[in-house]
Amino acid sequence: MKYFSTNNKSPLVGFREAAIKGQAPDRGLYFPEHIPRLSKEFIDSIKSKSKEEVAFEVIKPYVGDDIPETDLYRIVSETVNFDFPLVKVNSSIYALELFHGPTLAFKDVGARFMSRCLGYFSKEREGKVTVLVATSGDTGSAVANGFYDVPGVEVVILYPSGKVSGVQEKQLTTLGKNIHSLEVDGTFDDCQKMVKQAFADHELSEKVFLTSANSINVARWLPQQFYYFYAYQQWNEIGAPVISVPSGNFGNLCSGLVAFISGLPVKHFIAACNSNDVVPEFFTSGEYHPKPAKATMSNAMDVGDPSNFVRMIELFGKDLTKMRESITAYSITEEETASTIREVYEKFGYLPDPHGAVGYIALKKYLQGQPGKRGLFLETAHPIKFYDVVEPLTGKKIEMPANLTGLMAKQKVSTKISTYYTEFKNFLLNK
Ligand SMILES: *Cc1c(COP(=O)(O)O)cnc(C)c1O
């Protein structure tokens, strides 16, 4: 498989180079030259296949010969070694729970796959790869956990001191080994600025091989298809499901669309957004106008200029009419999100997190006009990660999952730095 840049000004590359580079040199996003088709036999017999077999078949054409089959099978097996249950919420709606991984959010899947691919590629070259990530919380913890103890890879995470949640800080700072946490006396934007400066620093890049674990990397994006197939394996209703995807940067929805174009049966997709409504506005007006992000309780979706929007357009040959046939977009208010969390818990005994709640209500709105149809929403994070929002709404304390109790007791280890670039650079040169 070859990948082109959505800006069309960079040469074609293979999977290996796309995964190592992250972003194309012309600042475009890498995109597969064609979407492979899965055979009808594969789809018809999917219920009898294991998670590992499905993941391997789905990802193999995208990786090509860049990773031998036995190594790729090991990589996908390690990527999906937790559960992806489809849970019935009521007579027409199911939740696909994507929070059973180590950091309790769906980003674990992409981060685990990408880290193992980079670990494999680093074996072929001399010296270590250093992954830089600036984080406001969730991405950093999934990446840190995914890359933990991967040989040949060092990870440096920058996070704003005092501005991530207690659980997130523990997830970022208690791993040790090849994971280094820098606690920056500044904001998330300061962290991001220093990372960008490091990538542009030629003197530094001659000494340290730097790469990014940004969500636009194809090795984080494409494996997210796996769980759409796992949903279908567990789907026992008549007719294909309507699938609602809580969306921010739209990587997750785009991976579902890729699965659909490959042959996965899906009735319709719902792009479920919070009050950051750039994409719903685009579906209404046909015009794309980025806006500054607004803060909401589903904060992992507070994005005003989604980076995967270009991929979504590309998947439909830039044809808005075709996009509208397959996707309906909704913007959900904060009040609707809050009342949904309360209502779903009280009526059905199911507790969604704020992101899942946005997915649930958008799906419910769509199904109201589609008698007899049934659907599922992706439950992208465990509600405990947002207990400060969820607990006051239900008045019930959320039980702490076992792997978090151990985590909270661990000792934080971080290096404090200022926002001076030289201090960061010296750390990278001397670590
Ligand atoms: C990142 C994230 C999202 C948004 O996913 P995108 O792929 O950026 O659209 C939704 N929910 C949670 C919990 C997340 O962490």
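Computed from a predicted structure; not experimentally measured.

Below, the discussion takes up the overall build of the protein chain. When its secondary structure is counted, the protein chain shows 20 helices and 13 strands. Compactness check: the protein chain gives a C-alpha radius of gyration of 21 Å against a globular reference of 22 Å for 431 residues, within 12% of the reference. A principal-axis box enclosing the C-alpha atoms of the protein chain has dimensions of 65 × 50 × 45 Å. Split into buried and exposed, the 431 residues of the protein chain put 57% on the buried side.

Across the sheet, 6 strands lie side by side as β3-β4-β12-β9-β10-β11; this open sheet has mixed pairing. The open sheet is flanked by β3 (86-88) and β11 (327-331), the only strands paired with a single partner. Going from strand to strand, the sheet's axes swing by 25° on average, the running direction of each strand aside. Pairing analysis gives 5 bridges linking strand β10 (residues 268-273) to β11, with the strands arranged parallel. Within β11, the position partnered with phenylalanine 269 by the bridge is isoleucine 327. On the sheet, helix α13 (residues 278-285) packs against β10 and β11 and is oriented at approximately 125° with respect to β11.

Here the focus is helix α6 (residues 138-147). Burial analysis of α6 places 8 of its 10 residues in the buried class, which makes it a mostly covered element. By the burial criterion, the buried members of α6 are Asp138, Gly140, Ser141, Ala142, Val143, Ala144, Gly146 and Phe147. Considering only its buried residues, α6 is in contact with α5 (107-123), β5 (129-134), β6 (153-160), α7 (166-173), β7 (179-184) and α10 (218-221). Phi turns positive one or two residues past the end of α6, at aspartate 149, with a value near 65°.

Glancing now at the site of the ligand. Neighbouring residues of the ligand: 15 residues in total, closest Lys107, Gly248, Asn249, Phe250 and Thr380. At 2.5 Å from an oxygen atom of the ligand is found a side-chain nitrogen or oxygen belonging to lysine 107. Asparagine 249 is positioned with one of its backbone polar atoms (N or O) 2.8 Å from an oxygen atom of the ligand. Residue composition of the shell around the ligand, grouped by class: 6 nonpolar, 7 polar and 2 charged.

The final tally for this structure, using the stated rule, is 19 salt bridges. We note a salt bridge from glutamate 203 to lysine 425, for which the minimum N-O separation is 2.5 Å. Of this pair, glutamate 203 sits in helix α9 (residues 202-207) while lysine 425 sits in helix α20 (residues 421-430), placing them 222 residues apart in sequence. Exposure remark for glutamate 203: the relative accessible area of 46% places this residue in the partly exposed category.

Let us look at the state of the cysteines. Per the counting criterion, the structure on display carries 0 disulfides. Note on cysteine 254: no disulfide assigned, nearest cysteine sulfur contributed by cysteine 273 at a separation of 12 Å.

Applying the stated criterion across every chain, the model contains 20 aromatic pairs. Three or more aromatic residues joined by ring pairs form one cluster here, namely Phe82, Phe84, Tyr227, Tyr228, Tyr230, Phe260 and Phe269.

This part takes up the packing of helix α3 (residues 51-63) against helix α11 (residues 226-233). Between α3 and α11, whose axes approach to 10 Å, the crossing angle comes to 130°. By the angle between their axes, α3 is oblique relative to α11. In this structure, α3 crosses over α11, and the sense of that crossing is right-handed. Listed contacts from α11 to Lys51, Val54, Ala55, Val58 and Ile59 of α3 are Phe226, Phe229, Tyr230 and Gln233. Here the contact of α3 with α11 is composed, by residue class, of 7 nonpolar, 1 polar and 1 charged.

We now examine the environment of threonine 139. Assignment of secondary structure puts threonine 139 in helix α6. The class of threonine 139 is partly exposed, set by a relative accessible area of 25%. Taking the C-alpha atoms as reference points, threonine 139 and lysine 347, separated by 208 residues in sequence, lie 33 Å from one another. Those residues in contact with threonine 139 that sit more than four places away from it in its chain are Lys107, Val133 and Arg220.

We now examine the side chain of serine 326. Note that serine 326 resides in helix α15 (residues 320-326). On the accessibility criterion, serine 326 (13% relative accessible area) is buried. Each residue touching serine 326, except ones within four places of it in the same chain, is listed here: Phe260, His268, Phe269 and Phe316.

Bringing the nonpolar core into the picture now. Counting 91 residues, the largest nonpolar core has Phe15, Phe147, Tyr227 and Met312 as its most contacted members. The contact partners of phenylalanine 15, leaving out residues within four places of it in the chain, are Met1, Tyr3, Tyr62, Val63, Asp66, Ile67, Phe113, Cys117, Phe121, Val218 and Ala219. Phe99, Ile332, Tyr360 and Ala362 belong to the second largest nonpolar core, which has 20 residues in total.

The rules behind each value
- Residues numbered from 1 in each chain as written.
- Predicted model: local features only at pLDDT ≥ 70, side-chain atom pairs only at ≥ 80, totals over all residues.
- Heavy atoms only, no water.
- Helix = DSSP H or I, 4+ residues; strand = E, 2+ residues; numbered from the N terminus.
- Rg over C-alpha atoms; globule rule 2.2 N^0.38 Å.
- Buried < 20%, exposed > 50% of the residue type's maximum accessible area, 1.4 Å probe, protein only.
- Pairing = 2+ DSSP bridges.
- Axes fitted to C-alpha atoms, helices over the stretch in contact; angles between N-to-C directions.
- Contact = heavy atoms within 4.5 Å.
- Near = heavy atom within 4 Å.
- Polar contact = N/O pair within 3.5 Å; in protein donor to acceptor, adjacent residues only side chain to side chain.
- Nonpolar A, V, L, I, M, F, W, Y, C, P; charged D, E, K, R; others polar.
- Salt bridge = Lys/Arg side-chain N within 4 Å of Asp/Glu carboxyl O.
- Disulfide = S-S within 2.5 Å.
- Phe/Tyr/Trp six-rings, centres within 6.5 Å; stacked < 30°, edge-to-face > 60°.
- Parallel < 35°, antiparallel > 145°, perpendicular 65-115°, else oblique.
- Left-handed = near helix turned anticlockwise from the far one by under 90°.
- Core = buried A, V, L, I, M, F, W, Y, C linked by side-chain atoms within 4.5 Å.

Nothing here speaks to function; it is all geometry.
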